[in-house]
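Observations on chain architecture
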Amino acid sequence: MAALLEIEGNDYLLPSNQGPRSECRRLLGHWIRTHMCAFTLTKFKSLVCVGGYVGSGVEWIPQVALFRHPRCLSLAFGFSWFKVNCPCNSQQTMAPATSRLHLQPNADEETLAKLGYKQEFHRAFTPLEVFGVAFSYIGLLPSIASVLFYTVLNGGPLAMVWGWAVASVFIMCIGLAMAELASAAPTSGGLYYWTYSLASPRCRNFLAWIVGYSNTIQSITVVASVDWACAIQITAAVGIASDQAYATTNEQLYGIYAALVLSHAVLVSLGTKFLARLQRLYILLNVCLCFIIIIVLPIATPSKYRNSASFALGGFTNWGYDSSVHMSEEASNAATAIPWAIISSIAMSAVLGWGTNVSLAFCMGADLTGILSSPIGQPMAQILYNSLGQRGALALWCFVILTQYMMGSSCLLVGSRQTFAFARDGALPFSQYLYRINGYTRTPVNTVWFDAALVLAIGLLAFAGTQAIDAVFTIAVTASYVSYITPIATRFVFKNDFKSGPFNLGRLSFPIAAIAVSWMVFMIIVFFFPSTAQTNAQAMNYTVVVLGGYMSLAVFWYYCPVYGGVHWFNGPVSNLAPAVKGGYGDEDSVPERKEIRDIDLSVSVIDS
């Protein structure tokens, strides 16, 4: 009985041994302690057996793939293979084999190892499902519904239609710049990892810290904003069902919000494969809903609510450019799948979103004041009510709520991966508890519930007033732009040896990056302004205060005497080296952490 492996293009038979497993572990542990040096990382998912079934499994040691037979242990070292034999079989050796059965190492895991991390998630997301994460994160129609109040009030149909078209061009530039970085270094840490790799050693720790905290707060506040909008949309559905006579309180609204957050936490805690397959449903529902608005709404709208072309033709949502980036360690063929998920989700959202806005502009009627002051409280819900009647509007609005709910689950999914990655590098408080993978679901359950708890706390700001919670929600956009600008800019500001991945823009890299950064700087300034021309202390936009306060706390925490990050944060750290205690290390032991300084990264800094 033997197992057949292909190693560096050669087939080998791995013979069976009869020695006890504990003795194999003892010998192997001794061998590792006396041969600790730079290993070549290889991994095989399982063992193929010739002549009968033999159980198998894979365990990790520092950049080493360890294959465990019930009766035999072998170790991959460099480009050669060495056996650690049991005493009962010291004469056994590996011989060439002729069978074509073999196992291939996983290219995604090798790429991740070059970035300094071991594979901890199941790579269950196909390229289509990674696209689904990005597309549902954008949540096209629910996002339009959530911000329609502002676009109708400030520009009306002109802003809805042409504002979307113009913004889509600049947003695609941001997506292209992000996609190129994601292809070069596909890791869940994404933005702060790229910043550290591209910036000068003199400031890369600080910049990675700022980007990491900006991206983390953005990923948490976007969940809060989406779920709060979903709660409002649920109350709007009640208003439609009760013929526009329903009013809600902050307590009721928060209760709905809390139920949404907790249900999302339960859903996102499930297994990776289930979450991956769920994205296909998300894609289907989002696309179908957009086509219903684009095709059915104009047909069903009464003539008195139809607008002329001159009125209709002549807001922004959180596009989530980095959403698929944080799924890099759960995606197959990540270096290609992630950039194309970013680009394709933006392209599809631009087209369908423009069509949706055009349809709404033609069907909303000329009485914009009536739409804004509707008892339902949601302009899009009122437009659907006018066009489809009570039953039709309620049915379609329920699908809007469902897609908004899906959007919230995708946002929490992405946010939990960012929190996990930042905790893995030791940057967050309680990182030792947050950096854990659930043994049953193989997902970061601790970070899921940590993010959910923070989202629930943010929702309490609603009791302090609308301005307070609106300012926090706006951080979902402004903080994300801070974290996007930094890695894109550092690639060209600092001297470095950037090595592009399968997706690259060639000579267009710099002009596209320049356009993207300029647009984001402009948009940050825009988001600091009040939403209306006439304002007062109660209606003022306090985003600059909240964002400035949060970033000031992050800087203070970095430079805090004795305890600040400046004393211990060294950017991304490798988790490839587990502690070896006695003999072979315990399978569940916590890895020893080692700074990534001399490891061969996809981007190697040459500025000193």
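Residues numbered from 1 in each chain as written. Predicted model: local features only at pLDDT ≥ 70, side-chain atom pairs only at ≥ 80, totals over all residues. Heavy atoms only, no water.

1. With respect to the overall build of the protein chain
A count of helical and extended segments in the protein chain gives 18 helices and 12 strands. Counting every position in the protein chain, which comprises 608 residues, the buried fraction comes to 57%. (Helix = DSSP H or I, 4+ residues; strand = E, 2+ residues; numbered from the N terminus. Buried < 20%, exposed > 50% of the residue type's maximum accessible area, 1.4 Å probe, protein only.)

2. What to know about the packing of aromatic side chains
Evaluated as defined, the whole model comprises 25 aromatic pairs. Aromatic pair Y117 and Y193: ring centres 6.0 Å apart, planes at 55 degrees, arrangement tilted. Of this pair, Y117 sits in the loop between helix 2 (107-114) and helix 3 (127-138) while Y193 sits in helix 6 (residues 191-198), and the two are 76 residues apart along the sequence. This pair shows no difference in class: Y117 is buried, exactly as Y193 is. Judged by centre distance (5.1 Å) and plane angle (70 degrees), the ring pair of F121 and F420 falls under edge-to-face. Like F121, the residue F420 is buried in the burial classification. Chaining the aromatic ring pairs together yields one cluster made of Y192, F206, W209, Y213, F422, W557, Y558, Y559, W568 and F569. Here the guanidinium or amino end of R424 rests over the ring plane of Y117, the centre of that ring lying 3.8 Å away. Positioned above the aromatic ring of F498, the side-chain terminus of R491 is 4.0 Å from the ring centre. (Phe/Tyr/Trp six-rings, centres within 6.5 Å; stacked < 30°, edge-to-face > 60°. Lys NZ or Arg CZ within 6 Å of the ring centre and 35° of its normal.)

3. Focus: a nonpolar patch on the surface
On the surface, F291, I292, I295, V296 and I299 cluster together to form a nonpolar patch covering roughly 450 Å² of accessible area. Turning to its location among the elements, I299 is positioned in helix 9 (residues 272-300). (Patch = residues over 30% accessible without salt bridge, like charges linked within 9 Å, V, L, I, M, F, W, Y side chains within 5 Å. Areas by Shrake-Rupley, 256 points an atom, 1.4 Å probe, with all protein chains shown as cover. Salt bridge = Lys/Arg side-chain N within 4 Å of Asp/Glu carboxyl O.)

4. Brief notes about the packing of helix 8 (residues 250-268) against helix 13 (residues 379-424)
For the pair helix 8 and helix 13, interaxial distance at closest approach is 9 Å and the crossing angle is 60 degrees. When the axes of helix 8 and helix 13 are compared, the pair comes out oblique. Helix 13 is crossed by helix 8, and the crossing has right-handed handedness. Judged by residue contacts, L260, S263, H264, A265, L267 and V268 of helix 8 engage Y405, G408, S409, L412, L413, S416 and R417 from helix 13. Broken down by class, the residue content of the contact of helix 8 with helix 13 amounts to seven nonpolar, five polar and one charged. (Axes fitted to C-alpha atoms, helices over the stretch in contact; angles between N-to-C directions. Parallel < 35°, antiparallel > 145°, perpendicular 65-115°, else oblique. Left-handed = near helix turned anticlockwise from the far one by under 90°. Contact = heavy atoms within 4.5 Å. Nonpolar A, V, L, I, M, F, W, Y, C, P; charged D, E, K, R; others polar.)

5. A look at the packing of helix 8 against helix 15 (residues 445-459)
Put simply, helix 8 and helix 15 touch, their axes get as near as 10 Å, and they point 170 degrees apart. As far as their axial angle goes, helix 15 and helix 8 are roughly antiparallel. Contacts between helix 8 and helix 15 involve Y254, Y257, A258, V261, L262, A265, V266 and V268 from the first element and V448, W449, A452, V455, L456 and G459 from the second. Here the contact of helix 8 with helix 15 is built from residues that sort into 13 nonpolar, one polar and no charged.

6. Describing helix 3
Taking 1.5 Å as the rise per residue, helix 3 with 12 residues should run 16 Å; its terminal C-alpha atoms sit 17 Å apart, in good agreement. Burial of helix 3 is extensive: 10 of the 12 residues sit out of reach of the surface. Burial in helix 3 covers these residues: E129, V130, F131, G132, V133, A134, F135, S136, Y137 and I138. Where helix 3 is buried, its residues touch helix 4 (140-153), helix 7 (204-241), helix 9, helix 11 (334-363) and helix 13. Backbone geometry just downstream of helix 3 places G139 in the positive-phi region, at approximately 50 degrees. (Expected span 1.5 Å × (residues − 1).)

7. Digging into the side chain of S324
One can find S324 in the loop between helix 10 (309-313) and helix 11. Ignoring any residue separated from it by four or fewer positions in sequence, one finds S324 in contact with V130, A134, I338, A341 and I342.

8. Re empty space enclosed by the protein
If a probe the size of a water molecule is rolled over the atoms, the empty space left behind becomes visible. If you add up the space inside the second largest cavity, you get close to 40 Å³. The wall of the second largest cavity is formed by A177, E180, L181, I488, R491, F492, S509 and A513. Elements supplying a minimum of two residues to the lining of the second largest cavity: helix 5 (156-184), helix 16 (466-493) and helix 17 (509-527). When the residues that make up the lining of the second largest cavity are grouped by side-chain class, the tally is five nonpolar, one polar and two charged. (1 Å grid on protein atoms, 1.4 Å probe; cavity = no way out; pocket = protein on both sides within 12 Å on 5 of 7 lines; lining within 4 Å. Points joined across faces, edges and corners; volume = space filled by probe spheres on them.)

9. As for the environment of T126
Its place among the elements puts T126 in the loop between helix 2 and helix 3. The exposure class of T126 is partly exposed, given its relative accessible area of 24%. Once residues within four sequence positions are removed from consideration, T126 is found in contact with R280 and S332.

10. As for the pattern of salt bridges
A pair can form between side chains of opposite charge whenever their charged atoms are brought close. Within this structure, the stated rule accounts for six salt bridges. Between E129 and R277 there is a salt bridge whose closest N-O contact spans 2.9 Å. Remark: R277 occurs in helix 9 and E129 occurs in helix 3; sequence separation between them is 148 residues. Linking R280 and E129 is a salt bridge whose minimum nitrogen-to-oxygen distance equals 2.8 Å. With a gap of 151 residues between them, R280 in helix 9 and E129 in helix 3 connect regions that are remote in the sequence. Because the salt bridges share partners, they merge into one network encompassing E120, E329 and R424.

11. Considerations on the nonpolar core
Generally speaking, a soluble globular protein has its nonpolar side chains buried in company with each other. F125, W194, L360, M380, W397 and Y481 are the most contacted members of the largest nonpolar core, which has 145 residues in total. The element best represented in this core is helix 13, accounting for 19 residues. Residue contacts for F125: discarding those within four places in its chain leaves V130, V133, T272, L275, A276, Q279, M327, E330, A331, S332 and L413. Within the second largest apolar cluster, five residues are counted, among which are L267, L278, Y282 and L285. (Core = buried A, V, L, I, M, F, W, Y, C linked by side-chain atoms within 4.5 Å.)

12. Some details on the confidence of the model for the protein chain
A low pLDDT score tells you not to read the predicted coordinates there in detail. In the predicted model, the protein chain carries a mean pLDDT of 74, and the fraction of residues at 70 or more is 73%. By mean pLDDT, the top-scoring element of the protein chain is helix 15 (94), and the lowest-scoring one is strand 3 (residues 48-50) (30). Throughout residues 312-316 the model reports pLDDT below 50, and contacts reaching past four residues in sequence, or to other chains, amount to 21 contacts. In this model, residues 578-608 is a region of pLDDT below 50 whose contacts with residues beyond four sequence positions or in other chains number 87 contacts. (pLDDT = per-residue confidence, 0-100.)

13. As for helix 5
With 29 residues, helix 5 extends 41 Å from end C-alpha to end C-alpha; this agrees with the ideal 42 Å at 1.5 Å per step. If you look at helix 5, its biggest bend is around 30 degrees, right at G163. Where burial is concerned, most of helix 5 is hidden: 21 out of the 29 residues are buried. (Bend = angle between axes of the 7 residues up to and from the residue.)

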